[in-house]
Amino acid sequence: MGRPRTNDEAVKERLVVCATELLATGPRESVTVRAVAAAAEASTTAVYSLFGGKDGLIGAVRDRAVAGLFQGLSAVQASADPLADLYALAVAYRSWGRGHSHLYTVLFGGVQSFDPSGQVGAGDPIRPLLAAIDRALAASVLAGEARSIALSIWGTLHGLVTLELAGALDAATAEAAFRSTIRATLRGWATPEVFRDLRQAELAP
């Protein structure tokens, strides 16, 4: 009879979860193989066996965060209104961040970076945003360079979500700030005709 397998999927899952929490709540330098293994009630050997070491484990956390955010944004269906789609993507981004705060913190806390001039991979979370922006540009709803618009929207979103997750905004303030700021950002990139229509709609009683 063979030896029981100890480094199984359950151990792997615990290691990823514990590494995520440690990365999200402390400095990256403090996340050691020993610390993660202890938190997961696993051996240090398991980290090397399952991930090849600390870098592989951190890579697995990053991959989970990237895949989760991509899945959340990809669930937003395209419609005939590209501006509505962009707002819906912003809502989905915020929802994922609130529902996966540790993964969000890890993803944008130095483990993942955004290069506006880099190549966008098939599973990159920025891809659904760029696709919606391209539709808006094609429909003459927005004016500008797609990646500059994407960086502007993402920077705004990231700031809002980070403040909310940090507890700097109460629930009502966070909700109001999200609605007004995202709409203002989209309006700022709108073509003159669309900008005028949006402002008139907002000012209407």
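Everything quoted here is computed from the prediction, not taken from an experiment.

**Some remarks on the packing of aromatic side chains**
- Enumeration over the complete set of coordinates arrives at five aromatic pairs.
- Ring centres 5.4 Å apart and planes at 50° place the aromatic pair Phe108 and Trp154 in the tilted group. Here Trp154 lies in helix α8 (residues 146–165) and Phe108 lies in helix α6 (residues 101–111), a separation of 46 residues in the sequence.
- Following the ring pairs from residue to residue traces out a cluster consisting of Tyr93, Tyr104, Phe108 and Trp154.
- Taking NZ or CZ as reference, Arg94 lies 5.0 Å from the ring centre of Phe178, over its face.

**Quick word on the confidence of the model for the protein**
- Per-residue confidence for the protein gives a mean pLDDT of 87; residues scoring 70 or more make up 88%.
- When mean pLDDT is taken per element in the protein, helix α5 (residues 82–99) scores highest with 96 and helix α10 (residues 192–203) scores lowest with 78.
- Of the regions scoring below 50 in pLDDT, residues 1–5 engages in zero contacts with residues more than four places distant in sequence or in other chains.

**Some points on the nonpolar core**
- Within the largest apolar cluster, 56 residues are counted, with the highest numbers of intra-cluster contacts made by Leu15 and Leu86.
- Among residues more than four places away in sequence, those in contact with Leu15 are Val36, Ala37, Ala40, Ala42, Ala46, Val47, Leu50, Phe51 and Leu57.

**A few points about the packing of α5 against α8**
- Between α5 and α8, the least distance of the axes is 10 Å, while the angle of their chain directions is 35°. For the pair α5 and α8, the sense of crossing is right-handed. Contact residues: α5 offers Leu86, Ala90, Tyr93, Arg94, Gly97 and Arg98, while α8 offers Ile153, Trp154, Leu157, His158, Val161, Glu164 and Leu165.
- Of the residues assigned to the contact of α5 with α8, the class counts are eight nonpolar, two polar and three charged.

Calculation notes
- Residues numbered from 1 in each chain as written.
- Predicted model: local features only at pLDDT ≥ 70, side-chain atom pairs only at ≥ 80, totals over all residues.
- Heavy atoms only, no water.
- Phe/Tyr/Trp six-rings, centres within 6.5 Å; stacked < 30°, edge-to-face > 60°.
- Helix = DSSP H or I, 4+ residues; strand = E, 2+ residues; numbered from the N terminus.
- Lys NZ or Arg CZ within 6 Å of the ring centre and 35° of its normal.
- pLDDT = per-residue confidence, 0-100.
- Contact = heavy atoms within 4.5 Å.
- Core = buried A, V, L, I, M, F, W, Y, C linked by side-chain atoms within 4.5 Å.
- Buried < 20%, exposed > 50% of the residue type's maximum accessible area, 1.4 Å probe, protein only.
- Axes fitted to C-alpha atoms, helices over the stretch in contact; angles between N-to-C directions.
- Left-handed = near helix turned anticlockwise from the far one by under 90°.
- Nonpolar A, V, L, I, M, F, W, Y, C, P; charged D, E, K, R; others polar.

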